[in-house]
Amino acid sequence: MQNVTKFFVHQIFLTKLEHNSYKDKGREMDILHVSAECYPVAKAGGLGDVVGALPKYQCKMGHYAKVVMPMYRTKFLYQHEWTIDFKGRTNMGNWWFDYTIIKEKNNVLGFDLFLVDINGLLDREKIYGYADDTERFTAFQIAVVDWVNHWEHKPGVIHCHDHHSALIPFILKHSYQYNRLQDVPTVLTIHNAQYQGWMGWDKSIYLPVWDRWKGGLLEWNKTLNPLAAGIKTAWKVTTVSNSYLEELKYMSNGLEKLFQYEQGKCVGILNGIDTDIWNPATDEYISHQYDTATMTEGKLANKKVLCERFNLNEENPLIVFIGRMVGEKAADVLPDAILASLYSLQGNANFLILGSGEPHVEWQLSQLTGALSGNYNVFIGYDEALSHQMYAGADFLLMPSRVEPCGLNQMYSMKYGTVPVVRNTGGLHDTVLDMGDGGWGIRFEHASVGDITHAVNRAAAVYKDKKELTRMQQHMMKLDHSWENAVQQYLNVYQSLKF
Ligand code: ADP
């Protein structure tokens, strides 16, 4: 198969692998992030946002952070210039493959970005959802380790994100071929423990020849479980909020006991938000920019744009949902909850939904447009620009999530003066305080039609109380969810590894 990189790499400079030394750059810590997503290169959810921001802020604070991820066929790939950093050849079981590491040439993201090209395997349009995802992400991880093994210097820490990179700590420790990297510290951040990358034991031969006495480290509930292997073998494990870490001990899709055993090496660190991108005063995706002083007019102007586009009545409170239409987000409850809420409010509310996911939920939400025209609309799909406009133009953001590791949506909405209406779980619990307790949001306990309807009724009541609404909006817009705090906590974690 032809090497895809040949077709689009604008300029090719074969470089020695000397970029890898943080000492050369006189910086403090050398951090390699390994991830399946990174905004704006490729994003499916919060993982992308975090990996697009955390390294940038680590670099701003004087460290040398970089990201390596698969080379998908995304717009970003074709719109930027690349150099070839390394070409290698390795194997996944019996399959030998060539891989190429390309590097973004101009540091446009504020950190060095490396992409792994493996012919035919990674260079596809979507990030996930292929029958051979196991092979894709396993080969990706093997290529990353092989590449790092060719560096002149070892990285200070390898920071893995979710199950797509969670086999790396095991490979470093127990694959003979990479013995040289055994002492490289690893951190695994869990953005979502629902997805664990399970595979059958027949695929254990994919991993570079490993110490067969260590099979127990790969295993959980009789399958080869990459996320579990990462939790067992990474030097430290972090989750994206404290409450989520606590919840994982009782509800983590089968890993509960493991989180209980390993709690000593787990730390919760709340995500920040990237205010270079998420700031209503500078956001180029929104039609009218605003700050705390111009918030009321600014939000109204943005709301008008949405109401015109989606045929909604701008007099009514506008309640939006943005996210993946999956069980975790309780999107399946939305159709009934919206019907019940509009019924109880006698049509004096608007709902606007943006997302995609399970087909039956998409279908149900699409069907409602006919019956609820004027009060309801939906956009099925992924639209970054529309999401920004919705954070800006909405009055309320609804998040009934059953599971919410951190949740970025509520933090974006607060930055844009949009009141979060959230289920009291995970990161939502850690970031939203109910207005009844002197806070700036609305919290409810269950992802049920009854609780959501009650919460929406509270939202409609506060919408009429403009003084209280403005107090909440002003307060939440000034909350500090910047990355600096989280970056410091990650540095503390790295430092605790004493490298
Ligand atoms: P997740 O569990 O999906 O990672 P998060 O709250 O951590 O949830 O992050 C979700 C991110 O994805 C936010 O930036 C949100 O705006 C974005 N997002 C989700 N669905 C869509 C969509 N359909 N269109 C645009 N952005 C979306």
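Residues numbered from 1 in each chain as written. Predicted model: local features only at pLDDT ≥ 70, side-chain atom pairs only at ≥ 80, totals over all residues. Heavy atoms only, no water.

So, the site of the ligand
Not every one of the 20 residues close to the ligand is listed here, only the nearest: Gly 46, Asp 49, Arg 324, Lys 329 and Tyr 391. One of the backbone nitrogen or oxygen atoms of Gly 381 is found 2.8 Å away from a nitrogen atom of the ligand. At a separation of 3.0 Å, an oxygen atom of the ligand approaches a polar backbone atom of Leu 408. The fraction of the free accessible surface of the ligand (560 Å²) that becomes covered by protein chains is 93%. Secondary-structure elements contributing two or more residues to the shell around the ligand are helix H2 (46-60), strand S12 (318-325), strand S13 (350-357), helix H12 (384-393) and helix H13 (409-415). Considered class by class, the residues forming the shell around the ligand number six nonpolar, eight polar and six charged. Each of domain 1 (4-272 + 484-495) and domain 2 (295-480) accounts for three or more of the residues forming the shell around the ligand. (Near = heavy atom within 4 Å. Polar contact = N/O pair within 3.5 Å; in protein donor to acceptor, adjacent residues only side chain to side chain. Areas by Shrake-Rupley, 256 points an atom, 1.4 Å probe, with all protein chains shown as cover. Helix = DSSP H or I, 4+ residues; strand = E, 2+ residues; numbered from the N terminus. Nonpolar A, V, L, I, M, F, W, Y, C, P; charged D, E, K, R; others polar. Domains from an automatic or database assignment.)

Considerations on the side chain of His 191
Position of His 191 among the secondary structure elements: in the loop between strand S7 (186-190) and strand S8 (219-220). Judged by relative accessible area, His 191 falls into the buried class, the value being 9%. The contacts of His 191, once residues within four sequence positions are left out, are Leu 47, Val 50, His 161, Asp 162, Val 240 and Pro 405. (Buried < 20%, exposed > 50% of the residue type's maximum accessible area, 1.4 Å probe, protein only. Contact = heavy atoms within 4.5 Å.)

Details of the domain arrangement of the protein chain
In many analyses, interface size is given as the accessible surface area lost on bringing the parts together. Looking at the assigned domains, one finds that the protein chain contains domain 1 (4-272 + 484-495) and domain 2 (295-480). Here domain 1 and domain 2 have C-alpha centroids that lie 33 Å from each other. Taken together, the contact between domain 1 and domain 2 spans 20 residues of the former and 17 residues of the latter. The contact between domain 1 and domain 2 buries some 1400 Å² in all, and 55% of this surface belongs to carbon and sulfur atoms. Our enumeration of links across domain 1 and domain 2 arrives at one salt bridge. (Buried area = accessible area lost by both parts, 1.4 Å probe. Salt bridge = Lys/Arg side-chain N within 4 Å of Asp/Glu carboxyl O.)

Notes on the pattern of salt bridges
Scanning all chains against the criterion turns up 24 salt bridges. Note that Lys 43 and Glu 384 form a salt bridge whose closest N and O atoms lie 3.3 Å from each other. With Lys 43 in the loop between strand S1 (30-34) and H2 and Glu 384 in helix H12, the pair connects residues that are 341 residues apart, well separated along the chain. Grouping residues by exposure puts Lys 43 and Glu 384 together as buried. Taken together, the shared-partner salt bridges in this structure form one network comprising Lys 56, Lys 60, Asp 274 and Asp 276.

Regarding the side chain of His 63
Residue placement: His 63 occurs in the loop between H2 and strand S2 (64-70). Polar side-chain contacts of His 63 include one of 3.3 Å to the backbone nitrogen of Met 29.

Observations concerning the sheet that holds strand S17 (residues 442-444)
Read from one edge of the open sheet, six strands run S14-S13-S12-S15-S16-S17, paired in parallel fashion. Both outer strands of the open sheet, strand S14 (376-380) and S17, are each paired with one neighbouring strand and no more. The mean inter-strand angle of the sheet, taken between neighbouring strand axes irrespective of direction, is 15 degrees. Strand contacts of helix H15 (residues 449-464): S12, S13, strand S15 (396-399), strand S16 (419-423) and S17, with the helix running at about 165 degrees to S17, the strand carrying the most contacts. (Pairing = 2+ DSSP bridges. Axes fitted to C-alpha atoms, helices over the stretch in contact; angles between N-to-C directions.)

Notes on the environment of Leu 306
Structurally, Leu 306 is set in helix H9 (residues 295-310). On the basis of relative accessibility, which here comes to 1%, the residue Leu 306 falls in the buried class. Linking Leu 306 and Gln 389, residues 83 residues apart in sequence, is a C-alpha distance of 7.5 Å. Apart from the residues lying within four places of it in its own chain, the contact partners of Leu 306 are Leu 318, Leu 352, Leu 386, Gln 389, Met 390, Gly 393 and Ala 394.

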